[in-house]
Structures are given as structure tokens and as C-alpha cells.
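# Descriptive structure summary
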Amino acid sequence: MIRLVPRLHPPWWMQAFGSAAAVALTLLFGAILFAALGQPPLEVLGVFLTRPLSSLIDIGDLLQKSGPLILIALGLSVGYRANVWNIGAEGQFILGAVGAMGFALAVGNPDTGALLVPMLVAGTLAGMMWAAVPALLRTAFNASELLTSLMLVYVAQQLLYFVVHQAWKSPFAFGWPETVALSEGLTLPVLVSGTHIHAGLIIVLAAVVVVAVLMRQTTFGLRIQLAQSAPGAMRFAGFHHNQTVWLSLLLGGAMAGLAGAIELASTFGKLDDKVGLGYGFTAIIVAFLGRLHPVGIVAAGLAVGYTFVGGDWIKVSHGVNDAAADVFQASLLFFVLASDLLTRYRIERVVRRPAREHPAE
Amino acid sequence: MTAPAAPPLLSLRNISRRFPGVIANDDIDLTVRSGDILGLLGENGAGKSTLMKILAGLLVPDDGQILWKGKPVAIRSPAVARQIGIGMVHQHFALFDGMTVAENVALSLPGAVPGRALEARLAALTDAYGLSLDPGQPVFTLSAGEKQRIEIVRALLPDPELLILDEPTSVLTPQEAEQLFATLRRLAADGRSIVFISHKLDEVRRLCSTATILRGGRVVATCDPRTHTAEEIAELMLGSRPLSTRRSERPRGDPLLSVAGLDAKSGDSRVRADDLQVHGGEIVGIAGVAGNAQSALYRLLSGEELANGAGTIAICGRPVGRSRPNPRRRLGAAFLPEERLGHSAAPDFGLTGNALLSNLTTPAFQRRGWIFWPRLRRHAGHIAESYDVRHGGLERPARSLSGGNLQKFVVGRELTKAPRLLVVNQPTWGVDMGAAGRIRQAIQGLAQQQAAIVVISQDLDELLELCDRLAVIHDGVLSPARPVAEWTIDALGLAMAGADQPPALKRAG
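Residues numbered from 1 in each chain as written. Chains lettered and ligands numbered in written order. Predicted model: local features only at pLDDT ≥ 70, side-chain atom pairs only at ≥ 80, totals over all residues. Heavy atoms only, no water.

Another point: the overall build of chain A. Each helix and strand in chain A was counted, giving 13 helices and two strands. Here the C-alpha radius of gyration of chain A, 22 Å, is about what a compact globule of 361 residues would show, namely 21 Å. Overall size of chain A, expressed as C-alpha extent along the three principal axes, is 75 × 60 × 45 Å. Put simply, chain A has 361 residues, and 49% of those count as buried. Looking at charge distribution, chain A has the averaged site of its 20 positive side-chain charges lying 16 Å from that of its 18 negative ones. (Helix = DSSP H or I, 4+ residues; strand = E, 2+ residues; numbered from the N terminus. Rg over C-alpha atoms; globule rule 2.2 N^0.38 Å. Buried < 20%, exposed > 50% of the residue type's maximum accessible area, 1.4 Å probe, protein only. Lys, Arg positive; Asp, Glu negative; His and termini not counted. Charge placed at Lys NZ, Arg CZ, Asp CG, Glu CD.)

Moving on to the nonpolar core. Ranked by internal contacts, the top residues of the largest apolar core, which has 214 residues, are Leu 226 and Leu 271 of chain A together with Leu 262 of chain B. When residues in this core are grouped by element, the largest group, twelve residues, is from helix α10 (residues 241-268) of chain A. Each of two domains, domain 1 (10-238) and domain 2 (255-505) of chain B, supplies a minimum of three residues to this core. Contact partners of Leu 262 of chain B, with chain neighbours within four places excluded, come to Val 271, Arg 272, Ala 273, Leu 297, Leu 300, Ala 307, Asn 308, Thr 312 and Ile 313 of chain B. Counting 27 residues, the second largest nonpolar core, distinct from the first, contains Leu 30, Leu 38, Val 195 and Ile 197 of chain B. (Core = buried A, V, L, I, M, F, W, Y, C linked by side-chain atoms within 4.5 Å. Domains from an automatic or database assignment. Contact = heavy atoms within 4.5 Å.)

Residue and element names in this part refer to chain B. With respect to topology, six strands assemble into an open sheet ordered β6-β7-β8-β3-β9-β10, the strand pairing being mixed. The outermost strands of the open sheet, each flanked by one partner alone, are β6 (86-89) and β10 (218-223). Each strand of the sheet is rotated relative to its neighbour by a mean of 20 degrees, with strand direction disregarded. Bridge count between strand β9 (residues 210-215) and β10: five bridges; the pairing is antiparallel. Across the sheet, Leu 214 pairs through a bridge with Val 219, a residue of β10. Relative to strand β3 (residues 37-42), helix α1 (residues 48-55) is tilted by about 140 degrees, and along the sheet it contacts β3, β6, β7 (162-166), β8 (193-198) and β9. (Pairing = 2+ DSSP bridges. Axes fitted to C-alpha atoms, helices over the stretch in contact; angles between N-to-C directions.)

Bringing unusual backbone geometry into the picture now. In the Ramachandran plot, Asn 142 of chain A falls in the positive-phi region, its phi being about 60 degrees despite a non-glycine side chain. Within the fold, Asn 142 of chain A resides in the loop between α5 (116-141) and α6 (145-167). With a relative accessible area of 61%, Asn 142 of chain A lands in the exposed category. Not every positive phi belongs to a glycine, and Asp 159 of chain B is a case in point at roughly 60 degrees. Within the element layout of this structure, Asp 159 of chain B appears in the loop between α5 (144-156) and β7.

Attention now goes to the sheet that holds strand β2 (residues 22-32) of chain B. Residue and element names in this part refer to chain B. Here four strands make up an open sheet; going across it, the order is β2-β1-β4-β5 and the pairing antiparallel. Two strands lie at the open edges of the sheet, namely β2 and β5 (71-73), each paired on one side alone. Each strand axis lies, on average, 30 degrees off the axis of its neighbour in the sheet, ignoring direction. In this structure, strand β1 (residues 10-19) lies alongside strand β4 (residues 63-68), joined through five bridges in antiparallel fashion. What sits directly across from Arg 13, in β4, is Gln 65.

A few words now on the side chain of Ser 11 of chain B. Residues and elements named next belong to chain B. When you line up the elements, Ser 11 lands in strand β1. For Ser 11, a relative accessible area of 7% corresponds to the buried category. When sequence neighbours within four positions are dropped, the list of residues in contact with Ser 11 reads Leu 30, Thr 31, Gln 65, Ile 66 and Leu 67.

Our focus in this paragraph is the state of the cysteines. All names here are of chain B. Enumeration over the complete set of coordinates arrives at zero disulfides over all chains. The cysteine Cys 208 is free of any disulfide, with Cys 223 supplying the nearest cysteine sulfur at 10 Å. Accessibility expressed as a relative area gives 0% for Cys 208, which makes it buried. (Disulfide = S-S within 2.5 Å.)

With that out of the way, let us pick up the interface of chain B and chain A. Across the boundary between the two partners, chain B contributes 38 residues, which contact 26 residues of chain A. The tally of links from chain B across to chain A stands at zero salt bridges. Where chain B packs against chain A, one counts seven residue pairs in polar contact (both at pLDDT 80 or more). For the side of chain B that touches chain A, the secondary-structure elements that each account for two or more residues are α3 (101-107), α10 (325-330), β18 (370-371) and α13 (403-415) of chain B. Classifying every residue of the side of chain B that touches chain A by side-chain character gives 22 nonpolar, nine polar and seven charged. (Salt bridge = Lys/Arg side-chain N within 4 Å of Asp/Glu carboxyl O. Polar contact = N/O pair within 3.5 Å; in protein donor to acceptor, adjacent residues only side chain to side chain. Nonpolar A, V, L, I, M, F, W, Y, C, P; charged D, E, K, R; others polar.)

Our focus in this paragraph is a nonpolar patch on the surface. Residues and elements named next belong to chain A. Residues Ile 2, Leu 4, Leu 341, Leu 342 and Ile 347 make up a contiguous nonpolar surface patch of roughly 430 Å² in combined accessible area. Contributions of two or more residues to the nonpolar patch are made by β1 (2-6) and α13 (322-344). Structurally, Ile 347 can be placed in strand β2 (residues 345-349). A relative accessible area of 46% means that Ile 347 is categorised as partly exposed. (Patch = residues over 30% accessible without salt bridge, like charges linked within 9 Å, V, L, I, M, F, W, Y side chains within 5 Å. Areas by Shrake-Rupley, 256 points an atom, 1.4 Å probe, with all protein chains shown as cover.)

This brings us to the domain arrangement of chain B. Residue and element names in this part refer to chain B. Annotation of chain B at the domain level lists domain 1 (10-238) and domain 2 (255-505). The centre of domain 1, based on its C-alpha atoms, is set 35 Å off from the matching centre of domain 2. Facing the nine residues of domain 1 at the interface are ten residues of domain 2. Between domain 1 and domain 2, a total of about 910 Å² is buried, with carbon and sulfur atoms accounting for 67% of that surface. The interface formed by domain 1 and domain 2 contains zero salt bridges. Taken together, the connections running from domain 1 to domain 2 amount to zero residue pairs in polar contact (both at pLDDT 80 or more). It is helix α8 (residues 230-238) that provides the largest number of residues to the side of domain 1 that touches domain 2, a total of five residues. The residue makeup of the side of domain 1 that touches domain 2, split by class, is four nonpolar, two polar and three charged. (Buried area = accessible area lost by both parts, 1.4 Å probe.)

Bringing the packing of aromatic side chains into the picture now. Per the stated rule, a full pass over the model turns up nine aromatic pairs over all chains. With 4.5 Å between their ring centres and 70 degrees between their planes, Phe 48 of chain A and Phe 328 of chain A make a pair best called edge-to-face. Of this pair, Phe 48 of chain A sits in helix α2 (residues 41-50) while Phe 328 of chain A is found in helix α13, placing the two residues 280 residues apart along the sequence. Here the two residues Phe 48 of chain A and Phe 328 of chain A agree in accessibility, since each one is buried. Ring geometry for Phe 181 of chain B and Phe 196 of chain B: centres 5.9 Å apart, planes at 70 degrees, overall edge-to-face. (Phe/Tyr/Trp six-rings, centres within 6.5 Å; stacked < 30°, edge-to-face > 60°.)

On to the confidence of the model for chain B. Mean pLDDT for chain B: 85, with 92% of residues reaching 70 or above. Across residues 500-509 of chain B the pLDDT falls below 50, and counting only partners more than four positions away or on other chains, this stretch makes 13 contacts in the model. (pLDDT = per-residue confidence, 0-100.)

Here's what the structure looks like:
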């Protein structure tokens, strides 16, 4: 038997060593994995590590994949700090895309930039609305938001299937489940031509600043910090937990919805049955990897985005199959989380004492 | 078994135990004979818990001797206590809710015990002492009385000669308490000795052949409780303190807090208060033994829990029974709960952050959600200076401050708001003498400025020093407040023990 004992003050070098060890172990694991698949291990690793930064286009891809992760994780981190467990950002993200598309279709998909911001707002509101359901169920009936938010992901997917197969199906799609494409005017402008770096990046950066300021400078941040560290003092200060549940779920839903609307107005361009891509779930990992801190989340989002782009590259360049690429990406997360755990805790062997044994066999 | 000449089972001689700033046990002598049920009586803070911890091996005395069957012993650890034959039943249960009765009992035993042997011993014990328990039942389905029986069985399995029970009836219904007494009498008839720690006079008078009464860490009397009246014992417990009639003459203003027909649940406690009026310039104390819903009353008065109707609580004439803390603060009220770390202060925040907790209604510190940290930092520094708070920096976490310094800070934070009404629970709990004096002085100063003040406290000396009128809370029921001069110490002790409730407030059922 072993047990984990928290280290009170992990030294800085241990944290640095932990991160380096995690990267080294991932590379070692990847080398073994690719060698076992009959690929030249060093070459594959070289592609994985260098290609995401090798050109402006690749950097654009990296930012394109990291952006929604960062945006969603920022919103989730606020709730997680207050012990509000929204794990349904995937559904709120889908609703954001559906809401934005619905708005575009309702106003006739005009080729004008004037309605771009209202469309993003519509997506944001749709994500908020989706997150309001678990908030209502939690505050009115004390139903766990962990379960209800997750279950609503599957409802959101069915809603998506309904609109792309039926309600908003494009007449020009030759039977494919997709809507018409957004007009040029309702698409986010590209900032660096020839890349996927678009105006959504500015929104993500602004969101990082807004969340950081919100947490430090406002009574909302005070409420969240109190909910995290001293719920009794939160009640003393006059904050009511139900309001905290509402506010943090609405914020998480709004940011996931906004991410969905941004992706629709940039990467996707139209709705199809694959909108979502698991961003909402991966963002949960990003939020925790970033220690629920805005700056940490930016770093974690970039790191995870990096593995996405690198993973895509080894599929293309060496024909590494999807499953192996996914396993390799996941191994990085595994080793990072393990090193994080071992930095904060040390393992102690527990000598099995007969006293603790269960007598009734 | 025991020949008349045999030494007593347990004697304590000159036991002392000091903590910084307080002598918890001062030269205590105590004797327990085989088959005795000894009652250990005293107010909160009289030294009962310290003495019990010494016997259980959780604390080592600074001075004195413990004799077990006439031979000196050193009870260095709970294991030693168990080994020589001392069993403990703690006030708080240490049971795994998801496991069965038998599993919980098995967990407490050293070494692996075969299931069948254990069941046989369980059955023998439960039969012999009337501790009806179903070994296969999961613990979460049991009542408090049944859970306590598991604890008693656990304590009895090593076959102890002395069983110590700490406030065992505090969680029981009267019927369950009666069953417990029957069990204890049977244990005593078997030659086992029992130490029964309580602050409930009538229970000790019913159960115990001997009572040792502690006050201020000293033994003030050892007597046969059945031959004394409750009044006599109450006086021994509380001492014959002069009920000071010296009150600074403050003019009495308008009623700033009115409670009428309050009957609400908060947590596990029900609070009932029919009529309480606190006027400007007046300090009203609420006395009571620990665990009589004082915190629940505080939560209802402060708005952390809502009352049974808006009109049941009025602050400055406005009904606030259904309002949360900040609307009440806007009317000029200030609140200070018992717990510092985690309730009146956030342990991880610095003093600056903590200065904000009760100041969210102050426009100077926060407007539309935007916090003015520089002003707060100055304010926190100002509080720390005027209330002599020693701290290692305004941004150091509050938990790094000593209890007294943090309490001075939170008291200062409330008093600098110059509230019209202050409700404070245990203002000097766990605070050193110097800080306690400073805090009491500050509270009196506030009353001088015509504020209305409610002090909830378990410290009678504190209440007698501070208050103009006193009410007693027992089992959540608040008695009418009477001027301090009208209370006798007997009446106060009896009311605190729940023995003397005016008919109008008598509990139904």
C-alpha cells in the first residue's frame, strides 16, 4: 500500500524538474510507441516537435486550436474555483455555434460586417442559456450540476443533428448534413493573410485580461475566492451561494458559447454534424493544467494546441494512424499531470499493519 | 471482589496542566472507586476536557500523580490508557457511515478478529448491558442513540475497568438518555467504574453517587449530588460571584433590535425567541451552555439564515427577518460571529482583503463591484493601528495572526463602522486576557455612543461585567431578558441547565 502525503512547500527546482521530466518521459514513450509501429522514432518526434512552429501557417493553426480551448477554460476555471462543476462546456459550445448560425439565418445571412458582433452576442447568449439550465436545476432542486451539465451535452448534440439534418439543412448540400455557409461579411476577418490567424484571437486575449481583472479587482472575484477558500466567510460577507452558482455557470456558458460562435464565424463557416470537436471537454483539462489561473490557462491552452498541430503533422508526414497520434498526445497530458501530482505530493509506503485489516473475511 | 482495604481504582493527586495564559487544571485531586459512577460537573472552560484528555492519554499533566489501583502510572498515549483499562466514549462519533455496525466495531480492534468470534462477543455485550444493536445494519440508518451504543460497545470490547463518557447525553433524546442511564447502571453493578462528564445538573443528580465539581480549573467540591439541591450545585459550579449592580448610567434610547415570534430552523437547531428588545445605549447578554443553538441564533440575527417571517426581526424599526446580511448592514447593523478563521475572516486573505468582508456596503471601498484596494489598504492599516493588532504585514494571510490579534482586528473592523446595532457571538473566545480586556472595553465604548449591543457568550463573568440585561438560551429557546440585578446566580444556573423555564416558554411535548 502507498499513500500520497502533501508537500507543504515544494521547492521551485522540483517544479521545473517535474515539467522537464514530463516532457522527457513523453518523448521516450513516443519513441517506443512509434518504433513499435515500425516508424523511425526520432524522425516522427522531430516532426511532432518542430513542425507546429516551423511556419507562420503552422503557428496560425496552433493559435486557431488553442484559442477556443483558452476561452472555454477561462470561463470554466472561475466556476471550478467556486466549486461549481460545469463539465458541459461542449454542449454550451455547440449551442454557441447553433445560436450564432440561427441568428445569421434569421437576419437573412446578409453580406455585412455590421451584424457580426450581434451574431457573436447571440452565440454567447445561447451558451449562457444552455448553462442556465443546470444553474436552475441546482439552485431550485439541488440537482448536481456535474450531471445535468454533462447530460445537456448530449441534448445539444441532438439539437445540432436536428438543425443540420432537417431544419436548417442547405438545399445545395447534396444531402450532406450541413447548413449554408455564412456570408463573407459574417466571417471574422483574417489578421495575417494566408494563415488562420483571425480576429477571434483578439477576443481571446481580451477575455484573458477581463477574467484576470474580474478576479482581482471586483466583488465578483472576491465572491469566487471566498467560495473557494472560506465559504463561511462568503456568507458573512453577504454573498449567497445560489448566486455564485448562477454567476459562475452563466459566465462559463457565455464563454463557451462565444467560443462556439467564433469558431463558426472562422474555422467552420457553416454548421455540420461535427461541430464541437471535443473542445469543451479538452478545455476542462486545460483549466486544471493551468491551475485555474488566467496566465496558466494561456500556457496550458498553447501547450495542448501544440500537441494537436504536431499530432496532425505526424499523421500526414508519416502516416501515423489517428489512434497512435491520440495516444501520444494523451501521454503528454498523463506525464504532465503525474509530475504535477508528484511535485505537490510525495509517496509514502504504508506498512500493512494487521490492525487495519478487515477481520470479517 | 474489592476488599474494603483495597486502594481505589483511580486516584489523581495534585494534577496540574497549564496552557499559555491559562491554568486549565490546577492541583486537582480526584478518586474513583470500583463500581462508582462519578459525575464530573463544571461550566465550559472549567477544565473538564483537559482532565479527561489527561486520563485518555491525549495530554500529559505538568505536575501531579496518577495512581491506578494504588500504583503510579504514566498515561503517555491513548494506547497506554486502553491497555491499563480505561475506555473513552467521545462526544463526537468516529464512525464510518457507509459501513455496518459490525464493521465499525471491527475497525476499532487491534489485530484481526475472526468474524464469528467478534459477533459472539458483540452479542454477549449487547445482551448483558441492554445495548440493542443489529450488527449487519449500515451506520447511516441509525439514530444518534444507536451510534452512541456502537461507541460504547467499542469502548467495552477491551474490557475496561473505567469508562469515561464526555457529555454523552448532549446528542440524545430524553428517552435515549434514559436507556443510556440503565446501561450505565448495569455496567456499574458489574463492578466497572464510570466517569460521567456533564453540565446537566439533574442528570448527574439522577445517575451519580459522587460528583466532583470543577470551577476555573480547580476542584471546588466533591459531594453526593443526591443529597444536595440543584440550586446548591449550581452555586458550586458558578461560584458566588457578586452580581454587580454597578452599571454605568447610560441613557436608554429607542429599540434598535426587536425580535418577536421568531421560530426558525438553522442547521440542526431550532431557535425560538418570543420577545427581545434591545435599546440604544444598552448591552443585552445571552447566556447559555455550549451547544444550545447560540450560533443558530447568531445566523438568524445576522441574516446568514432567514427567519420565519420578515416581521420577526426588526432592525431600527425595519422588518428584516427575510433580508440577507448586507441589507441589514445598510440599516446600521454590524455582526461578529464566533469563529474567526473561516467565518469572520478568510484565512487565506490578508488584512486588506479581510477589511472588505463586512464593508461591501460601504461606497468608499466598492462601487458597482469595483474594489478600491488602495483605500482598503489604508483602512486596514488604520484598524490595525487603533486596535493594537500585531501583524507581520497587511498582506500576510490572516491565519498567520494569533487568535487575539485577529479578533482585535475583526472587532475593530466592525466598530470603526460606528454601527447602531452590534450582534456579537463569543467576543473573547480563545483570546488572551489582554486582548479580551481591550475588546470588552471597545464594546462598552460603543454602547456609550448609544449603540444597541447583543453579546452571546458562554462566559458568565464576561456577561456580568458587560451587560445591563441578561437572557438565557437553552435548547434554542430564548428566555425573556431581565436586568442583571434581578437575576440570582441560582436562577441563572438553573435556566442555563434548562431546569427553570417560565411556563410561557415551556417546550411543548
